[in-house]
Amino acid sequence: MIRKNTQVFVSGAGIAGLTTVCAFAQKGFDVVCVDPQKPITNVKSFDADLRSTAFLQPARKTLQTAGVWDCLKPFSTPLDIMRLADAGGAENKIRMIADFASLEISDEAFAWNLPNWLLRRELLNYIENLPNVTFLTGQKTGRVTSRISEILVQVGEVQYSCKLLIGADGRNSQTREAMGIPVQTWRYGQKAIAMAVYHTLPHDNISTEIHRTGGPFTTVPLPDHDGNHMSSIIWMETSAKANVLFEMDETNFNSMLNSRSCGILGNIRLASRRNLWPIITQRAKRLTGQRYALLAEAAHVIPPIGAQGLNMSLNDLATILELTNTHELGSVSHLSAYEKARKKDINFRINGVDALNRAAMTDNKSFLALRLKALQALHGFTPLRKTLMKAGLGA
Ligand SMILES: Cc1cc2nc3c(=O)[nH]c(=O)nc-3n(C[C@H](O)[C@H](O)[C@H](O)COP(=O)(O)OP(=O)(O)OC[C@H]3O[C@@H](n4cnc5c(N)ncnc54)[C@H](O)[C@@H]3O)c2cc1C
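Residues numbered from 1 in each chain as written. Predicted model: local features only at pLDDT ≥ 70, side-chain atom pairs only at ≥ 80, totals over all residues. Heavy atoms only, no water.

Draft legend 1. How the structure looks around the packing of aromatic side chains. The full count for this structure, using the stated rule, is five aromatic pairs. Aromatic side chains phenylalanine 24 and phenylalanine 29 sit 5.7 Å apart centroid to centroid with 50 degrees between the ring planes, which places their arrangement in the tilted category. Like phenylalanine 24, the residue phenylalanine 29 is buried in the burial classification. Here the aromatic rings of tryptophan 69 and tryptophan 112 are separated by 5.9 Å at their centres, their planes lie at 70 degrees, and the arrangement is edge-to-face. Here tryptophan 69, found in helix 3 (residues 69-72), pairs with tryptophan 112, found in strand 8 (residues 111-115); they are 43 residues apart in sequence, far enough to count as distant. (Phe/Tyr/Trp six-rings, centres within 6.5 Å; stacked < 30°, edge-to-face > 60°. Buried < 20%, exposed > 50% of the residue type's maximum accessible area, 1.4 Å probe, protein only. Helix = DSSP H or I, 4+ residues; strand = E, 2+ residues; numbered from the N terminus.)

In structure tokens, the structure reads:
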């Protein structure tokens, strides 16, 4: 067995893992990152991640700290208005629109949207030029042995002695399992179809969530492409309906898309394949172990509503990184401060998004009427509207 030393070991090179690598390396730490899969950076590849991520203002700040925002910015589309549209009446028509404009609370956009495959490409390019990073793909994080002063992580024939192991290895995290941290999981019998679409009307930098039944239908602006307006779409439905939609031929699917979008973007047609994602909520019972910290989907999974998922993950990253200013890396005090700092926000967002998702799924007529009234009341009262917008951003 060959033995090597590093300060930080990141298990998993999803978007959260890649950003974590950049941020710790930028701060001067030696970092090793391992993922069995090479990140897919070509949109045409069959396994490409066709989702997009809207980075809210605090997440943008974390990307700046990590040194990667300048590479990402040219590809991003600002979101100036978050629009909630209720289409829960008897006809598939929008009966109320509530706009939440970033200008009401800030002089900047709410968020900046980027396709996930492109994020991976840019983050990977950036990492290739970082001298203090060892990036290994095609191998996985193996046996983990934790001690007071170090954590030993096995990768093939090499054993790394590290000060901190970060588990960013996704919702089925193997490092979390190795550290004996249990999870609670809620299932909704719901799936999301993710895709990019072309449309005839401009999006005007507005992201719209249309609520009817089965879950929200969300449009998120992308840059124009080949003279076509473009957006990414997350369409949440009960699993049975989502499976049918996913299998449907393109012509019929386009016609369903046009009906569900209620014409807000004019005529819509697919611009990519479709990806299908099961929707769950999941929470790790603890965020830390000896010399070990969980972040991102390894720690929490939520339904894709209000662009909270990866944004919450970048809040994890910002917190654990900032705490290295005042605590020794990976020490008991560092990790207990991280656990304490993140718990409340994570629970707040998990519970909030869970409630929003249940309200968006319902097909109960009385509840649909109540949902409309609640939206009218929340939006109509300016101080509450501003508080909601700030809470959505993480304040
Ligand atoms: C449909 C949909 C839309 C979404 N939209 C948004 C949005 O607009 N805004 C937002 O903020 N969030 C959004 N999210 C959430 C966001 O996409 C996820 O939070 C994020 O992609 C998860 O990133 P991750 O890096 O934690 O996990 P993953 O992307 O799952 O990465 C985990 C990595 O760990 C690796 N791995 C697994 N096992 C091992 C091992 N033993 N050793 C080493 N590596 C291992 C895997 O290969 C993988 O590369 C959305 C989610 C869904 C489902």
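Draft legend 2. Layout of the site of the ligand. Asp35, Thr141, Glu297, Leu310 and Asn311 are the nearest of the 31 residues found near the ligand. For the ligand, a nitrogen atom lies 3.5 Å from a polar atom in the backbone of glycine 12. Within the contact set of the ligand, an oxygen atom lies 3.0 Å away from a side-chain nitrogen or oxygen of asparagine 311. Within the complex, the protein chains bury 88% of what would otherwise be the 1000 Å² of accessible surface of the ligand. (Near = heavy atom within 4 Å. Polar contact = N/O pair within 3.5 Å; in protein donor to acceptor, adjacent residues only side chain to side chain. Areas by Shrake-Rupley, 256 points an atom, 1.4 Å probe, with all protein chains shown as cover.)

Draft legend 3. How the structure looks around the sheet that holds strand 11 (residues 151-155). With mixed pairing, the four strands of this open sheet are ordered in space as 1-12-11-10. If you trace the sheet from one side to the other, it starts and ends with strand 1 (2-5) and strand 10 (144-146), each paired once. Across the sheet, the axes of successive neighbouring strands diverge by a mean angle of 20 degrees, strand direction being ignored. (Pairing = 2+ DSSP bridges. Axes fitted to C-alpha atoms, helices over the stretch in contact; angles between N-to-C directions.)

Draft legend 4. Structural detail: the side chain of threonine 362. Mapped onto the elements, threonine 362 comes out in the loop between helix 9 (332-361) and helix 10 (365-380). If near-sequence neighbours (up to four positions away) are discounted, threonine 362 is found in contact with Arg212, Thr213, Phe367, Leu368 and Arg371. (Contact = heavy atoms within 4.5 Å.)

Draft legend 5. Spatial organisation of the domain arrangement of the protein. Each domain of the protein was delimited in the assignment, giving domain 1 (2-72 + 115-185 + 283-358) and domain 2 (77-113 + 188-278 + 365-393). Its C-alpha centre places domain 1 at a distance of 28 Å from the equivalent point of domain 2. The interface of domain 1 with domain 2 comprises 27 residues on the first partner and 28 residues on the second. Scanning the region where domain 1 abuts domain 2 turns up one salt bridge. For arginine 60, the salt bridge identified is with glutamate 108, shortest N-O distance 2.8 Å. Run the count over domain 1 and domain 2 and you get 12 residue pairs in polar contact (both at pLDDT 80 or more). Within the residue set of the side of domain 1 that touches domain 2, elements represented by two or more residues are strand 4 (52-56), helix 2 (57-65) and helix 9. Its residues assigned to classes, the side of domain 1 that touches domain 2 comprises 12 nonpolar, seven polar and eight charged. (Domains from an automatic or database assignment. Salt bridge = Lys/Arg side-chain N within 4 Å of Asp/Glu carboxyl O. Nonpolar A, V, L, I, M, F, W, Y, C, P; charged D, E, K, R; others polar.)

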